[in-house]
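Coordinate inspection notes
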Amino acid sequence: DAKTTQPTSMDCAEGRAANLPCNHSTISGNEYVYWYRQIHSQGPQYIIHGLKNNETNEMASLIITEDRKSSTLILPHATLRDTAVYYCIVRVASGGGADGLTFGKGTHLIIQP
Amino acid sequence: DAMVIQNPRYQVTQFGKPVTLSCSQTLNHNVMYWYQQKSSQAPKLLFHYYDKDFNNEADTPDNFQSRRPNTSFCFLDIRSPGLGDAAMYLCATSRDKGTATYEQYFGPGTRLTVT
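Residues numbered from 1 in each chain as written. Chains lettered and ligands numbered in written order. Predicted model: local features only at pLDDT ≥ 70, side-chain atom pairs only at ≥ 80, totals over all residues. Heavy atoms only, no water.

Brief notes about the environment of Gly82(B)
All names here are of chain B.
- In this fold, glycine 82 is placed in the loop between strand E8 (73-78) and strand E9 (87-94).
- Spatially, the C-alpha atoms of glycine 82 and threonine 115 are 8.7 Å apart, while their sequence positions differ by 33 residues.
- Once residues lying within four places of it in the same chain are set aside, the contact partners of glycine 82 are Phe15 and Val114. (Helix = DSSP H or I, 4+ residues; strand = E, 2+ residues; numbered from the N terminus. Contact = heavy atoms within 4.5 Å.)

Right under this line is the structure:
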């Protein structure tokens, strides 16, 4: 799986949009970008994933650059409960063994009241 | 609600005393994973079951074993826990159809303390 680079930590004011960047310059054509988050003392939680088109669900939006070398996770209206470590993971989405996730160091997002 | 359940949430064991951690799921997913997460680190995959097939990561110590008696349950056995095995152990599940692998659902974890 391609390697990802994320900032170690970020702050965001409550109610504002949180934009979390991720660089994945070695991504392959068949690799997807996944985002998970881990709230303190809980298991990781899936947020969203995408291949090349922008994606949106009830939790977040994912913006992938045209060259697919970077992406941004957007939490549109951050709340205190969004304080967590956010992991950007690049992996092949097709089957064939269902390999586990390789977590990087992630971004610790702190939402300030 | 369908979910991944881990018991117990906190486990204390003595150095060298075998311990078993449990995971169950109501999602009917065919893949189950075990991750180890040490303090201030990211989760690290130990192994996974694809249906009944066991897949071990190359760097997982032999001290760690796993059993999956049926679709719903999976166990992590640590044969001789050392102080370095103190960690959060996370169970996860996913559905794999051969042509696509879906997102993983994680349990709340079991925090293991070794005294």
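After that view of the structure, there is still more to cover.
Some remarks on the state of the cysteines
- A complete count under the given rule lists 2 disulfides over all chains for this structure.
- Disulfide partner of Cys22(A): Cys88(A), at an S-S distance of 2.1 Å. Looking along the S-S bond of the Cys22(A)-Cys88(A) disulfide, the torsion reads about -80°, which is the left-handed sense. Highlighted residues: Cys22(A) in strand E2 (residues 18-23) and Cys88(A) in strand E8 (residues 84-92), separated in sequence by 66 residues. Residues Cys22(A) and Cys88(A) agree in their burial class; the two are buried.
- Note that Cys23(B) is cross-linked by a disulfide to Cys91(B), the S-S spacing being 1.9 Å. The sign of the S-S torsion, about -75°, decides the handedness of the disulfide formed by Cys23(B) and Cys91(B): left-handed. Note that Cys23(B) is positioned in strand E3 (residues 19-25) and Cys91(B) in strand E9, a separation of 68 residues in sequence. Of the two residues, Cys23(B) and Cys91(B), both sit in the buried class.
- Cysteine Cys12(A) shares no disulfide, and the gap to the nearest cysteine sulfur, in Cys22(A), comes to 18 Å.
- The closest cysteine sulfur to the non-disulfide-bonded Cys74(B) is located on Cys91(B), 6.0 Å from its own sulfur.
- A residue is classified by how much of its surface remains accessible, and Cys74(B), at 0% relative accessible area, is buried. (Disulfide = S-S within 2.5 Å. Buried < 20%, exposed > 50% of the residue type's maximum accessible area, 1.4 Å probe, protein only.)

Considering the side chain of His29(B)
- Within the element layout of this structure, His29(B) appears in the loop between E3 and strand E4 (31-37).
- Leaving out residues up to four positions away in the same chain, His29(B) has contacts with Arg68(B), Thr71(B), Thr93(B), Ser94(B), Arg95(B) and Tyr105(B).

As for the environment of Ala60(A)
All names here are of chain A.
- Among the structural elements, alanine 60 can be located in the loop between strand E5 (55-56) and strand E6 (61-64).
- Along the sequence, alanine 60 and isoleucine 47 sit 13 residues apart, while their C-alpha atoms lie 7.1 Å from each other.
- Among residues more than four places away in sequence, those in contact with alanine 60 are Ile47, Ile48, Glu55, Leu73, Ile74, Leu75 and Pro76.

A closer look at the sheet that holds E2(A)
All names here are of chain A.
- With respect to topology, 4 strands assemble into an open sheet ordered E2-E7-E6-E5, the strand pairing being antiparallel. Strands with a single pairing partner mark the edges of an open sheet, and in this sheet they are E2 and E5.
- Summarising the sheet, E5 and E6 pair through 2 bridges and their orientation is antiparallel. Across the sheet, residue glutamate 55 finds its bridge partner in E6, namely leucine 62. (Pairing = 2+ DSSP bridges.)

So, the pattern of salt bridges
- Applying the stated criterion across every chain yields a total of 3 salt bridges over all chains.
- Note that Asp82(A) and Arg37(A) form a salt bridge whose closest N and O atoms lie 2.8 Å from each other. Placement of Asp82(A) in the loop between strand E7 (70-75) and E8 and of Arg37(A) in strand E3 (residues 31-38) is noted, with a sequence separation of 45 residues between them.
- Residue Asp82(A) is classed as buried on the basis of its relative accessible area of 13%.
- Residues Lys44(B) and Asp59(B) are paired through a salt bridge, measuring 2.9 Å at the closest nitrogen-oxygen approach. (Salt bridge = Lys/Arg side-chain N within 4 Å of Asp/Glu carboxyl O.)

Overview of the sheet that holds E8(B)
Residues and elements named next belong to chain B.
- Taken in spatial order, the 4 strands of this open sheet run E1-E3-E8-E7, and their pairing is antiparallel. The open sheet has two edge strands with one neighbour each: strand E1 (4-7) and strand E7 (64-67). Taking each pair of neighbouring strands and ignoring which way they run, the sheet shows an average axis angle of 20°.
- Strand direction decides the pairing type here: E7 and E8, joined by 4 bridges, are antiparallel. The residue bridging phenylalanine 64 from the neighbouring strand is isoleucine 78, located in E8. (Axes fitted to C-alpha atoms, helices over the stretch in contact; angles between N-to-C directions.)

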